[in-house]
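Remarks on the overall topology
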Amino acid sequence: MQDAYGNGVAVAQVELSLVGSGTLTGGAPVETDAAGLATFAGLSVDLVAASS
Amino acid sequence: MSDSFEITPAAAAAVAFVQQPTTVAAGTAFDPAVSVSVRDAYGNLVTSATDSVTLQLTAGTGSLLGTTTVAASDGIATFTALTIEVAGTGKQLTATSGVLASAVSDSFAVTAASAAALAFVQQPTTTAAVLRSAPRWRSACRTLTATASL
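Just so it is clear, the structure is predicted and the values come from calculations on it, not from any experiment. (Residues numbered from 1 in each chain as written. Chains lettered and ligands numbered in written order. Predicted model: local features only at pLDDT ≥ 70, side-chain atom pairs only at ≥ 80, totals over all residues.)

1. Some details on the overall build of chain B
Within chain B one finds zero helices and 13 strands. Helices (α) and strands (β) of chain B occur, in sequence order from the N terminus, as β-β-β-β-β-β-β-β-β-β-β-β-β. Within chain B, residue pairs in contact and separated by at least 24 positions form 58% of the contacts whose partners lie at least 6 positions apart. (Helix = DSSP H or I, 4+ residues; strand = E, 2+ residues; numbered from the N terminus. Contact = placed C-beta atoms within 7 Å.)

2. Quick word on the overall build of chain A
Secondary structure summary: chain A contains one helix and five strands in total. Projected onto its principal axes, the C-alpha coordinates of chain A cover approximately 45 × 20 × 10 Å. Here chain A holds 52 residues, and the buried ones make up 25% of them. Taking the intrachain contacts of chain A between residues at least 6 apart in sequence as the baseline, contacts between residues at least 24 apart amount to 32%. (Buried ≥ 20, exposed ≤ 12 C-beta atoms within 10 Å, placed from the backbone.)

3. Examining the nonpolar core
Inside soluble globular proteins, nonpolar side chains tend to come together where they are buried. Residue and element names in this part refer to chain B. Counting residues in each nonpolar core, the largest one holds 31 residues, and the members touching the most others are Val-38, Val-53 and Leu-55. Taken together, the elements giving at least two residues each to this core come down to strand 1 (12–19), strand 3 (34–40), strand 4 (52–59), strand 6 (76–79) and strand 7 (88–97). When near neighbours in sequence (up to four residues on either side) are disregarded, Val-38 contacts Ala-12, Val-15, Val-46, Ala-49, Asp-51, Ala-72, Gly-75, Ser-97 and Leu-100. (Core = buried A, V, L, I, M, F, W, Y, C linked by C-beta atoms within 7 Å.)

4. Considering unusual backbone geometry
Residues and elements named next belong to chain B. In the segment running from Asp-31 into Pro-32, the intervening peptide bond is cis, with an omega of 5°. Relative to the helices and strands, Pro-32 resides in the loop between strand 2 (24–25) and strand 3. At Asp-74, a residue that is not glycine, the phi angle is positive and equals roughly 55°. Here Asp-74 shows up in the loop between strand 5 (69–71) and strand 6.

5. A look at the pairing of strand 9 (residues 108–111) of chain B
Residues and elements named next belong to chain B. Side chains Phe-108 and Val-110 project from strand 9 onto a buried face, and the interleaved Ala-109 and Thr-111 project onto a face without burial. Pairing of strand 2 with strand 9, which is carried by two bridges, proceeds in the parallel orientation. Following the sheet pairing, Val-24 is matched in strand 9 by Val-110. The pairing of strand 7 with strand 9 spans two bridges and is antiparallel. Residue pairing across strands places Lys-91 opposite Phe-108, the latter belonging to strand 9. (Pairing = 2+ DSSP bridges.)

6. Some points on the confidence of the model for chain B
Residue and element names in this part refer to chain B. Per-residue pLDDT for chain B has a mean of 89; in total, 85% of the residues score no lower than 70. Of the regions scoring below 50 in pLDDT, residues 133–141 engages in 25 contacts with residues more than four places distant in sequence or in other chains. At the level of chain-chain contacts, confidence expressed as ipTM amounts to 0.82, with global pTM at 0.80. (pLDDT = per-residue confidence, 0-100.)

7. Side note on the environment of Val-9 of chain A
Looking at the element boundaries, Val-9 of chain A is found in the loop between strand 1 (2–3) and strand 2 (13–19). Residue Val-9 of chain A is classed as buried on the basis of its C-beta count, with 24 C-beta atoms lying within 10 Å. Between the alpha carbons of Val-9 of chain A and Phe-40 of chain A there is a distance of 17 Å; along the sequence they are 31 residues apart. Not counting the four nearest positions on each side in its chain, Val-9 of chain A is found in contact with Met-1, Gln-2, Asp-3, Thr-32 and Gly-36 of chain A together with Ala-112 and Ala-115 of chain B.

8. Considering the environment of Leu-57 of chain B
Residues and elements named next belong to chain B. Following the sequence through the fold, Leu-57 ends up in strand 4. Note: C-alpha distance between Leu-57 and Val-38 (19 residues apart in sequence) is 19 Å. Leu-57 has contacts with Gly-62, Ser-63, Leu-64, Ile-84, Lys-91 and Leu-93, leaving out every residue within four places of it along the chain.

Here's what the structure looks like:
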C-alpha cells in the first residue's frame, strides 16, 4: 500500500477478492508491514466450488 | 547609578535554528514552520538583519520542496511551506546565509501520508491444478483484486 508519493503505508489492512469464477481462499485481511507490504500466504482458488 | 543605555547586537556572524523541523507527513508543510535566526558572534539576535537564508536537505533521502530561500525579517527567516515527499528517518536541514556560519538542524523523520493506492508487488502466477479427494480442482490463476481498509 502506498501514499500519493510512493511511500509504503504501514499498519493498514489489505484483503484480496477474486474477479471471475472460483472461490478464493486465503484472501482475508492482512496488515501491512513497515514497508507497506501485505503478504498473503497459501492463496488458492477452488474452481469446482463455484461451478457446483 | 548611570543613565540607562543600550547594547546593540554586533555584526551578523551566524545563523541558528529557532524552530527546528519536527516529524511531518510526506507532502505536508512543517507545522510549526521552520524558522532560522541571524545571530552575532555572541549569540545575540541581530534584529536588523534582512539577510536571505537558504535551507537544504543535507541528510536523509528526498528533496526539500517549496520556497527554500527566505529573507529574514527582524532577524528571523520563517519557512512556511516546505515539504518533503520521501518518507524516512535521519533527515537534517542545513541553513546557510552567505558568509555567515551555517547551522544544521536536529534529525527528524518524514512519515508516509494517507494511503492512496494499492499495487501488486508479486502478481499471482499460473499454478498447476491439484486434485483433491472430493474430487475438486484448486488453482491460483484467476484475477485478484486487492482492497484496503485503515
